[in-house]
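Residue-level structure breakdown
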Amino acid sequence: MQRTVWIFTALICWFFLNAVPVQARFNDEQLAKMIIPPFTLGEKDPNLPVYSLLNSAAKPTGYVFQTFDLVKIAGFSGAPINLLIQMDFQGQFIQVQALEHNEPVFVNGHGGLPLDKFLDQYNDLSVAQNIKVTLSTQKADRAKNQINGVAMATASVRIINETILASALEIARKKLKGLNSRPAAQAKSDIFEKKTWQQLLDEGLIKVKSFKNSDVQDIFKGTSVIDQDGLAMNDPDGLFTKVYLADLSVPTVARNILSDENLKRLDKLLYQGATNVPILIMAEGRHRLLSDHFVPASVPEEITIRQNDLSINMRDAYVDVKLKEGLVQASEQAYVFFLDRRFGFDPAAAWDLQMNVTRKKGSFQPIVVKKHLIAGYHSPERFYEYPVADLRSDDAPPWLGSWQAQILNLSILGVFLIGLYYMLFARQSWMARPAQLTYLRPAILLFTLVFIGWYCQAQLSIVTVIAMVKTFALSPDFSFLLYDPLSTIVWVAVLISLFIWGRGTFCGWLCPYGAGQEFSSKLGGWLGIKPIRVPYKVDQVLKYVKYVVLGAIILTAIFWPSQAEVIAEVEPFKTAITLYFWRDWPFVLYAVMWLVVSMFVFKAFCRYLCPLGAFLSLGGLVRIPNWVPRRKDCGSPCQLC
């Protein structure tokens, strides 16, 4: 009978592998509705699965794409996670939204709100950053490109992070020319050289660029406003503007030219934002760098820093610039702007100051023509250093960080499993003694429930089995398991045990919810509850219910895949172990019900309904036969054990 059940289950699994539907993409109309104003969806690129993102003026300001079109990293449910990403031309994330996923904790556990809050953390971060997800017990440091994880969903959010970065980098490499994906340089704090203003000029630490009126006339040649600047026409050799540029993050620059008051102010500002690069911009002449309407501490519209053909976000540092006595004093036009290294700015590489020059013609509906003047800057590289790269690479797989973060827990779990397997294999008779069964077994089960279950969140589940089958059908990549190292170790230990003891090792020793049921049974005994003995024939029939449940879950995954994780809620593991019973009351009532039933019928859920137990019964087909010494009556009719 059992062999017939497993032949039937194997046929269902084979059909499942060949019938899992491909995840659907969202069409143009659906995507357009998800773009949050003032942005709108633009046209689709003819060569790439990416759309242009339009601003309130209907002008392109970035890109929109679905991650499913670019990368298909299996989530913890086994199916890829589809996200909608909006990214500007600097590689900075504007919005990240979940389109479709089946991650178990977010489907019927936490709900969608924690996932939305997690994705909101990407706003204003850049694809050029090596964004990392911390454990939920750790506080993220945004200055170190860290974002907060989600409790009880560590593996899922790390897979989501990898999906976001991999897809965004794919677009960035093809659409954002020159995007710097390595860590940006930072000024060497231990280098200071006493220099005069002229020496700073000679070495290129300060750059000066002058533009005459004739230079401005040249950029307006061929336009209808060429004759709209009388001063430029009458005095072509006159000064239009003279611009000074310097990188104040270099101590040799800042300490040689800034007043002591400015240095203190700047040090305070830099301490508050360790990734900021302060740029000094001064100007002389009749051209105004900023308009009269400019608001201090905001982002300027009239000037832009550009690097590698990309505009870099900059904001006013709100510093009243004062140079040391005897130096050039362009007090009316002297500003310090902050540029953020996290958003792709590399102070050691060449960059340009782009200044807008606007001319108008006419009073009623005037013709407006805007041109640009460019002043370049490239500080000597000897004043900078590049931090050691910590980027994702073939040598450092993305899941490796999960293992490094859990090294202590992995060590504890490894010692426990080695000790348990040694006792089960070499000290079986000793463990069977009443004293050991009375005290040692409860201690082991308590460790399983508290440490493996509630603390490490390593409760195995049929959801993982479904995920593995889905992954094999869609793209045979099981690396998603490695994002949850503790569960992976338990899975490996259980799979090894199938060849030795069958499913008994997991069901009897390593299942946290099973341990909870056993403690519930003991509690029933202490309360004086008399166990109910299920008649032998009824027991034999009920034992096959779990195989029917397993078949139902697999069939649901075939014909109604979006509901596979829902029907898998027949397991109370997520409620009792993963979510600590902190959930909607029907789920809590269901999980508690089986614990109460265990007071009357020993481990009733495990014996009659557990689909994971049914799946692991396959271990009975690969177990080394008859190596465990048994009596003739073991199992039939004897049920004493």
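Residues numbered from 1 in each chain as written. Predicted model: local features only at pLDDT ≥ 70, side-chain atom pairs only at ≥ 80, totals over all residues. Heavy atoms only, no water.

Thoughts on the overall build of the protein
To keep it simple, the criterion reads: Each helix is a run of H or I in the DSSP string that is no shorter than four residues. Each strand is a run of E no shorter than two, and both are numbered from the N terminus. Only protein chains enter the accessibility calculation, which uses a 1.4 Å probe; a residue is then buried when its area is under 20% of its type maximum, exposed when over 50%, and partly exposed in between. Whether two residues are in contact is decided by their heavy atoms: any pair within 4.5 Å suffices. Residue exposure ignores everything except the shown protein chains as possible cover, and the areas themselves are Shrake-Rupley values with a 1.4 Å probe.
A tally of helices and strands in the protein yields 26 helices and 18 strands. Buried residues in the protein amount to 49% of all 641 residues. Summarising the internal contacts of the protein: among those between residues at least 6 apart in sequence, 73% fall at separations of at least 24. On the protein, roughly 31,800 Å² of surface is accessible, and the fraction owed to carbon and sulfur atoms is 58%.

So, helix α12 (residues 407-426)
Here is the rule: What a helix should span is 1.5 Å times the count of its residues minus one. What the arc measures is the spread of directions leading from the helix axis to the C-beta atoms.
With 20 residues, α12 should cover 28 Å at 1.5 Å per step; its first-to-last C-alpha distance of 28 Å lies within 8% of that length. Within the sequence span of α12, burial applies to N409, L410, L413, F416, L417, L420, Y421, M423 and L424. End-on view of α12: buried residues confined to an arc of 165°, all on one side of the axis. Exposed side chains of α12 directed beyond 90 degrees from the buried face belong to I407, L408, V415, I418, Y422 and F425.

Focus on the pairing of strand β15 (residues 334-340)
Along any regular strand the residues' side chains alternate between the sheet's two faces. Along β15, 7 of the 7 residues are buried, which leaves the element largely enclosed by surrounding structure. The side-chain alternation of β15 yields two buried faces, one formed by A334, V336, F338 and D340 and the other by Y335, F337 and L339.

Focus: the packing of helix α18 (residues 512-526) against helix α23 (residues 585-600)
Definition in use: Only C-alpha atoms enter the line fits that serve as axes; for helices the fit covers just the stretch in contact. Angles between N-to-C directions range over 0 to 180 degrees. With respect to orientation, any angle under 35 degrees is reported as roughly parallel, any angle over 145 as roughly antiparallel, any angle of 65 to 115 as roughly perpendicular, and every other angle as oblique. By convention, the crossing between two helices is left-handed when the near helix turns anticlockwise from the far helix through less than a right angle, and right-handed when the turn is clockwise.
Contact geometry for α18 and α23: axes closest at 7 Å, N-to-C directions at 45°. Accordingly, the angle class assigned to the pair α18 and α23 is oblique. Of the two elements, α18 crosses α23, and the hand of that crossing is right-handed. For the pair α18 and α23, the contacting residues are Y513, G516, Q517, S520, S521, L523 and G524 in the first and A591, W594, L595, V596, S598 and M599 in the second.

Some details on the nonpolar core
To keep things clear, this is the line we draw: Nonpolar core, defined: a set of buried Ala, Val, Leu, Ile, Met, Phe, Trp, Tyr and Cys residues in which side-chain atoms within 4.5 Å join the residues together.
Ranked by internal contacts, the top residues of the largest apolar core, which has 60 residues, are L510, Y513 and L612. Sorting elements by how many residues they give to this core places α12 first, with 8 residues. Discounting residues that sit within four places of it in the chain, L510 has contacts with F416, L417, L420, Y421, T448, I452, V494 and T505. Judged by nonpolar contacts, the second largest core, of 35 residues, contains F106, L119, A172 and L176.

Overview of the pairing of strand β12 (residues 303-307)
Selection criterion: Strands pair, by our definition, only if DSSP identifies at least two bridges between them.
The element β12 is extensively covered by neighbouring structure, given that 4 of its 5 residues are classed as buried. Where β12 hands over to strand β13 (residues 310-312), the hairpin turn is made up of 2 residues, of which N308 adopts a positive phi near 55°.

Quick notes on the sheet that holds strand β5 (residues 93-100)
Spatial ordering of the open sheet is given by β1-β2-β3-β4-β5, a layout of 5 strands whose pairing is antiparallel. Only two strands of the sheet have a single partner each, and these edge strands are β1 (40-44) and β5. When the angles between neighbouring strand axes are averaged without regard to direction, this sheet yields 25°. Lying on the sheet, helix α5 (residues 154-175) is in contact with β3 (60-66), β4 (82-88) and β5; it crosses β4 at an angle near 45°.

Quick look at the packing of aromatic side chains
Selection rule: Centres within 6.5 Å make a pair out of two Phe, Tyr or Trp rings, where for Trp the six-membered ring is used; the pair is then stacked when the planes are under 30 degrees apart, edge-to-face when over 60, and tilted otherwise. Each ring is checked for a lysine NZ or an arginine CZ that lies within 6 Å of its centre and within 35 degrees of its normal; such an atom marks a charge sitting over the ring.
Applying the stated rule across the entire model yields 16 aromatic pairs. Relative to F89, the ring of Y63 lies with its centre 5.3 Å away and its plane at 75°, an arrangement referred to as edge-to-face. Pair noted here: Y63 is in strand β3 and F89 is in the loop between β4 and β5, with a separation of 26 residues, a long-range link. Relative to Y122, the ring of F93 lies with its centre 6.0 Å away and its plane at 85°, an arrangement referred to as edge-to-face. Taken together, the residues F93 in strand β5 and Y122 in the loop between α4 (112-120) and β6 (132-133) connect sequence positions 29 residues apart. Given a relative accessible area of 1%, F93 falls into the buried group. Through a chain of ring-to-ring contacts, the aromatic side chains of Y513, F573, Y590, W594 and F605 assemble into a single cluster. The ring centre of F192 lies 3.9 Å from the NZ or CZ of R255, which sits over that ring. Directly above the aromatic system of W509 lies the positively charged group of R441, at a separation of 4.4 Å from the ring centroid.

A short note on the side chain of D247
As for its placement among the helices and strands, D247 is situated in strand β10 (residues 239-247). Residues contacting D247, with those up to four places away along its chain left out, are L205, V253, V277, P278, I279, P347, Y377 and Y384.

Comments concerning a nonpolar patch on the surface
Where we set the bar: Like-charged residues are merged into a patch within 9 Å and nonpolar side chains (Val, Leu, Ile, Met, Phe, Trp, Tyr) within 5 Å, provided each residue has over 30% relative accessible area and no salt bridge. The rule for a salt bridge is simple: a side-chain nitrogen of Lys or Arg has to be within 4 Å of a carboxyl oxygen of Asp or Glu.
Together, L446, V450, W454 and Y580 make up a nonpolar patch on the protein surface, roughly 350 Å² of accessible area in all. Mapping Y580 onto the fold places it in the loop between α22 (573-578) and α23.

Some details on unusual backbone geometry
With an omega of 15°, the peptide bond running from P37 to P38 counts as cis. Note on placement: P38 falls in the loop between α2 (28-34) and β1. Unusually for a residue other than glycine, F581 sits at a positive phi of about 65°. Tracing the backbone through its elements, the reader meets F581 in the loop between α22 and α23. Phi is positive for K603, which is not a glycine, with a value near 50°. Its location among the elements puts K603 in the loop between α23 and α24 (604-608). A relative accessible area of 8% means that K603 is categorised as buried.

Observations concerning the confidence of the model for the protein
Heads up, the condition is: For every residue, the predictor assigns a confidence score, pLDDT, that lies between 0 and 100.
Mean pLDDT over the protein works out to 81, with 81% of the residues at or above the 70 mark. By mean pLDDT, the top-scoring element of the protein is strand β9 (residues 206-212) (95), and the lowest-scoring one is helix α1 (residues 2-19) (49). Confidence drops under a pLDDT of 50 for residues 15-23, and excluding neighbours within four residues, the segment shows 21 contacts in the predicted structure. Between residues 389-395, whose pLDDT stays under 50, and residues either more than four places distant or in other chains, the model counts 12 contacts.

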